[in-house]
Amino acid sequence: MSIEARAFEAAMAIQKEFEDRFAAMPDILGVGICLNTTSDGPALNVQVTDEPAKAHLPLTFRELEVIVDVVGENRRF
Amino acid sequence: MDENSLQEVQSRVFSEVLGFEELPFMAAASLGTNFASAFVDHELLNPLSARTVRRQRRLQRDIALGTAPGADGKDLRLAVLVQDRALMADASVAQVSSIAKGEVEVIFIGRQQPFWTRSKQRPLKMGSSISPADAGYSGTLGFFARSTTNGHVGIVSNNHVLANVNKYPLGTTIVQPADGDGGGSPTDDIGILSNFIPIQFGGFANAVDAAFAELGNSVVYDAINIYGNGNTPPAVGSLSPAGTAAVLPRLEVMKTGRTTGHTQGQVRAINVNNYVVNMGRQGLARFDGQVLFEADPNSGGRFSRPGDSGSLITDRTGIPVALLFAGSQSGGQGNLGITAGNPISTVLSQLQVSFV
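Throughout what follows, the structure given in this document is the object of discussion. (Residues numbered from 1 in each chain as written. Chains lettered and ligands numbered in written order. Predicted model: local features only at pLDDT ≥ 70, side-chain atom pairs only at ≥ 80, totals over all residues. Heavy atoms only, no water.)

**Observations regarding the pattern of salt bridges**
Defined as follows: Any Lys or Arg side-chain nitrogen found within 4 Å of a carboxyl oxygen on Asp or Glu counts as a salt bridge. Helix and strand assignments come from DSSP, with helices taken as H or I runs of at least 4 residues and strands as E runs of at least 2, each series counted from the N terminus.
All chains considered together, the criterion is met by 14 salt bridges over all chains. Note that glutamate 252 of chain B is salt-bridged to arginine 316 of chain B, the shortest N-O span being 3.8 Å. Highlighted residues: glutamate 252 of chain B in strand E18 (residues 252–257) and arginine 316 of chain B in the loop between strand E23 (312–315) and strand E24 (320–327), separated in sequence by 64 residues. Three or more residues are tied together by salt bridges with common partners; here these are Asp69 of chain A together with Arg268 and Glu294 of chain B.

Here it is, written out as structure tokens:
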């Protein structure tokens, strides 16, 4: 299913709200926009250091699904 | 055999046939390196024993161990990968088979050569290894560009590849292959560092990890072809710098890099802010507006690894998308790790360059 770019642009406003609320947490390593699990709309994508960090995050935020990637750390390649 | 039995067999082969010694785990960890296993070459620990291990040295070079499916498709067998045909009937292989109680698949794989990306390439190719002379590491040549301020032609890669995170001064000699891949000055000189965007620390947001090195007048280059994997690299596509890609999640992409060669993936996330990257000794740096990528779900391998930094990521038609600079070991499709790139339009505007 094709998703219009403006759906992602609308999600970015919600992303900003999410960042204001959560991005200062030390175990969050990035916040962006990805596809939701049903691939029919945008979702918030959050990179975190470890599994316990997921517990501090909501499953949804302003009706957007929150998809969490446990990445350990991001390193220069 | 099951996985535990296979590990025991591999341990015995490492020590009894290949002559490696096992370090206690904490001893290996204390050396400060991420070892893939606790087995080390004891010749490295005791140089005086070199003559006594000459035969084992050949076996270590020509035999690798892996995992193969069992005859019933359920259990596992030890895979013995042999580079020298003469070893196929050697007593050492028979000894390996004995240790594994016959649950072995011996495979002749021929002499393995390193990726073309790590050897000298003239004309220069996108994806080949580069670094400052004497840097001691390797990165990737992303693409060829022209300075919009003075018209000089050069190469684009990361600040942390060409300038070692703000460290090297303008004018530093750049070599291909990289110092980390055996390149050296003056034989392998290709140009000089002429611009980099300083990476800010202390919580300031960065947009790119990018640098530009002007090429010497006599250096020939191929700015068009995108090369795939193989000892004689095949062209698998052409760069289309005039095109514009709608960079949205699931956009299919590809890249050619020094470490993993040509790989395919897809966009995982866009507009990624507060992306925190460990830049090494300098500490953590924050990047905003980044694009994240994950491995192609059908590839079974990672999209990138350390050493691929500087690679140009394009869509599958060759339209530039991003400059690869960081990543993680986990997360994303198949938990194969996530790769980060600077949007290519931001790289071009900040470095004041355009595609050749």
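Next comes the rest of the description.
**Quick look at the nonpolar core**
The nonpolar side chains of a soluble globular protein tend to be buried, and buried together. For clarity, the cut-off: Residues enter a nonpolar core if they are buried and are Ala, Val, Leu, Ile, Met, Phe, Trp, Tyr or Cys, with the set joined through side-chain atoms within 4.5 Å. Only protein chains enter the calculation, and the probe is 1.4 Å; a residue is then buried if its accessible area is under 20% of its type maximum, exposed if over 50%, and partly exposed in between. What counts as a domain boundary in this text is fixed by an automatic or database domain assignment. By definition, residues are in contact when any of their heavy atoms lie within 4.5 Å.
By size, the foremost hydrophobic cluster in this structure holds 39 residues, and its most contacted members are Phe143, Ile155 and Val156 of chain B. Where this core is concerned, the elements lending two or more residues are strand E9 (143–147), strand E10 (153–157), helix H6 (159–162), strand E12 (189–196), strand E14 (211–215), helix H7 (344–351) and strand E26 (353–355) of chain B. Formed jointly, this core draws a minimum of three residues from each of two domains, domain 2 (116–222) and domain 3 (230–342) of chain B. Filtering out sequence-adjacent residues up to four positions away, phenylalanine 143 of chain B remains in contact with Met126, Gly154, Ile155, Val156, Leu312, Leu323, Ile344, Leu348 and Phe355 of chain B. Counting residues in hydrophobic clusters, the runner-up holds 34 residues, among them Ala53 and Val70 of chain A together with Phe303 and Ile319 of chain B.

**So, the sheet that holds strand E7 (residues 129–132) of chain B**
Strand-to-strand pairing in sheets goes through backbone hydrogen bonds, with the strands running parallel or antiparallel. Residue and element names in this part refer to chain B. Inclusion rule: Think of it this way: DSSP has to see at least two bridges between two strands before they count as a pair. What counts as an axis is a line fitted to C-alpha atoms, over the stretch in contact for a helix, and the angles between N-to-C directions run from 0 to 180 degrees.
The sheet built from eight strands is open, its strands ordered E8-E7-E11-E12-E14-E10-E9-E26 with antiparallel pairing. Each end of this open sheet is capped by a strand with a single partner; those strands are strand E8 (139–140) and E26. Both E10 and E14 contribute to a ladder of four bridges, which runs antiparallel. Residue pairing across strands places valine 156 opposite phenylalanine 212, the latter belonging to E14. Relative to E26, H7 is tilted by about 135 degrees, and along the sheet it contacts E9, E10, E12, E14 and E26.

**Section: the interface of chain A and chain B**
Rule in force here: Buried surface area refers to the total accessible area, computed with a probe of radius 1.4 Å, that the two partners give up upon joining, counted for both partners together. The definition of a polar contact used here is a pair of N or O atoms within 3.5 Å, where within protein one atom must be able to donate a hydrogen and the other to accept one, and adjacent residues in sequence count solely through side-chain atom pairs.
Of the residues lining the interface, 28 residues belong to chain A; the matching set on chain B comes to 37 residues. Broken down residue by residue, the surface that chain A buries against chain B is led by Asn74, Arg76 and Phe77 of chain A, which jointly contribute 37%. As a salt-bridge pair, aspartate 69 of chain A and arginine 268 of chain B come within 2.9 Å of each other at their nearest N and O atoms. For the interface between chain A and chain B, the tally reads 19 residue pairs in polar contact (both at pLDDT 80 or more). Here the side of chain A that touches chain B gets eight residues from one element, more than from any other, and that element is strand E1 (residues 28–35) of chain A.

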